[in-house]
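Chain and residue survey
Given next are the chains, with one letter for each unit.
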Amino acid sequence: MKLINHYIDSVFTKEDALLENVITSIQENGMPSISVSPSSGKLLTMLVSISGAKQVLEIGALGGYSGICLARGFGEDGSLMSLEIEERYANLAHKNLSKAGFGHQVSYRTGPALHTLEELINEQKRFDFFFIDADKENYENYLNSCLELAEPGALIVMDNVLAGGSIADPDAKPKRYTEFMKHFNKTVANHPQLESLLIPIGDGVTVARVIG
Ligand code: SAH
Ligand code: MG
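Below is a summary of the structure that appears in this document. (Residues numbered from 1 in each chain as written. Chains lettered and ligands numbered in written order. Predicted model: local features only at pLDDT ≥ 70, side-chain atom pairs only at ≥ 80, totals over all residues. Heavy atoms only, no water.)

**Remarks on the environment of F130**
The residue F130 is located in strand β4 (residues 127-132) in this model. According to the relative accessible area criterion, F130 is buried, its value standing at 0%. Taking the C-alpha atoms as reference points, F130 and L57, 73 residues apart in sequence, are found 4.8 Å from one another. If sequence neighbours within four positions are ignored, F130 has contacts with L57, C146, L149, A150, A154, L155, I156 and V157. (Helix = DSSP H or I, 4+ residues; strand = E, 2+ residues; numbered from the N terminus. Buried < 20%, exposed > 50% of the residue type's maximum accessible area, 1.4 Å probe, protein only. Contact = heavy atoms within 4.5 Å.)

This is the structure we're talking about:
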């Protein structure tokens, strides 16, 4: 799995100084190295651009790596709202999105995402693309909130659904959320409102389309 991912990253993604600077800024600020992989980032860009999505909601900003990848997909007239519990992280992400030229197209709301999602539902906000990548234990709650905020046909994309391989590979080191993710993947796969597939790049990215 690791070798294949490395192969895909090296053949299908190019050196990207902007994204590499984001990774450096995350390290310099003592933040965790848990941004999406280069291929997962490219997939996000492609999915936003192929779907024509313009109102994107991200749950879990960290340093803005996935935020830049999402914004690259929507061009001049799209916008990204990003939810992040750590104000310090949201500030760095905003700085990095600004350096990438998307500062005026992104807004951050800090605090526990579940609470912010309730606010957005009360404000009757609508989005046509979602990227779920925050605390794994809340994925099912995030999915339910996203469904309430989704335009018909919206895409909901979720990261880390392989949990380092531990959802299927008995030799992979189990994670705190392995059992949870196994259950979550089944929920997504069998959800009556979703058509979905897990794509095994990076740490696993599930792409789901809202069909009902
Ligand atoms: N999407 C980012 C990586 C996100 S890492 C990228 O690929 O570039 C997960 C992020 O979720 C961290 O920044 C963490 O602070 C944030 N997070 C964790 N729990 C959260 C919560 N309850 N609400 C909002 N954000 C949360
Ligand atoms: Mg992730």
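More follows now that the structure is in view.
**Some thoughts on the sheet that holds strand β7 (residues 205-210)**
Pairing within the open sheet is mixed, and its seven strands lie in the order β3-β2-β1-β4-β5-β7-β6. Edge positions in the sheet fall to β3 (106-110) and β6 (194-199), since each has one partner strand and no second. Within the sheet, the average angular offset between the axes of one strand and its neighbour, ignoring direction, is 15°. Bridge count between strand β5 (residues 150-159) and β7: five bridges; the pairing is antiparallel. Its bridge partner lying in β7, L155 is registered against R209. Lying on the sheet, helix α5 (residues 87-99) is in contact with β2 (79-84) and β3; it crosses β3 at an angle near 175°. (Pairing = 2+ DSSP bridges. Axes fitted to C-alpha atoms, helices over the stretch in contact; angles between N-to-C directions.)

**Concerning the packing of helix α2 (residues 17-28) against helix α4 (residues 65-74)**
Running from N to C, α2 and α4 point in directions that differ by 155°, and their axes come no closer than 9 Å. Accordingly, the angle class assigned to the pair α2 and α4 is roughly antiparallel. Seen from α2, the contacting residues are L18, L19, V22 and I23; seen from α4, they are Y65, I68, C69 and R72. Residue classes in the contact of α2 with α4 are distributed as seven nonpolar, no polar and one charged. (Parallel < 35°, antiparallel > 145°, perpendicular 65-115°, else oblique. Nonpolar A, V, L, I, M, F, W, Y, C, P; charged D, E, K, R; others polar.)

**A word on the packing of helix α6 (residues 113-122) against helix α7 (residues 139-149)**
Their axes nearest at 10 Å, the elements α6 and α7 cross at an angle of 15°. By the angle class used here, α6 and α7 are roughly parallel. By crossing handedness, the relation of α6 to α7 is classed as left-handed. Counting all contacts with α6, which are made through A113, L114, L117, L120 and I121, the residues of α7 involved are N141, Y142, S145, E148 and L149. Across the contact of α6 with α7, the residue classes break down as seven nonpolar, two polar and one charged. (Left-handed = near helix turned anticlockwise from the far one by under 90°.)

**A few points about the pairing of β3**
Bridge count for β2 against β3 is five bridges, and the pairing is parallel. Bridged to M81 within β3 is S107. At this point the chain moves from β2, through α5, to the parallel β3, and the crossover so formed is right-handed. (Right-handed = clockwise from strand over helix to strand, strands pointing away.)

**Observations regarding the site of ligand 1**
Inspection of the region around ligand 1 gives 20 residues, with V36, G60, S66, E84 and D133 positioned closest. A distance of 3.1 Å separates a nitrogen atom of ligand 1 from a polar atom in the backbone of I85. Here a nitrogen atom of ligand 1 and a side-chain polar atom of Y142 are 3.4 Å apart. (Near = heavy atom within 4 Å. Polar contact = N/O pair within 3.5 Å; in protein donor to acceptor, adjacent residues only side chain to side chain.)

**So, the coordination of the magnesium ion (ligand 2)**
Distances from the magnesium ion (ligand 2) to its protein donors, D133 (OD), D159 (OD) and N160 (OD1), fall within 2.0 to 2.2 Å. Every donor residue of the magnesium ion (ligand 2) comes from the same chain, spaced as D-x25-D-N. With D133 in the loop between β4 and α7 and D159 in strand β5, this residue pair connects regions lying 26 residues apart in the sequence. Residue classification places D159 among the buried residues on the basis of a relative accessible area of 3%. (Donors = N, O, S within 2.8 Å, 3.2 Å for Na, K, Ca; no water.)

**Structural notes on the pattern of salt bridges**
Across all of its chains, the model carries eight salt bridges by this definition. Of the charged contacts in the structure, one is a salt bridge between R109 and E119, with a shortest N-O distance of 3.5 Å. One end of the pair, R109, is in strand β3; the other, E119, is in helix α6, and 10 residues separate them in sequence. For E119, a relative accessible area of 30% gives the class partly exposed. (Salt bridge = Lys/Arg side-chain N within 4 Å of Asp/Glu carboxyl O.)

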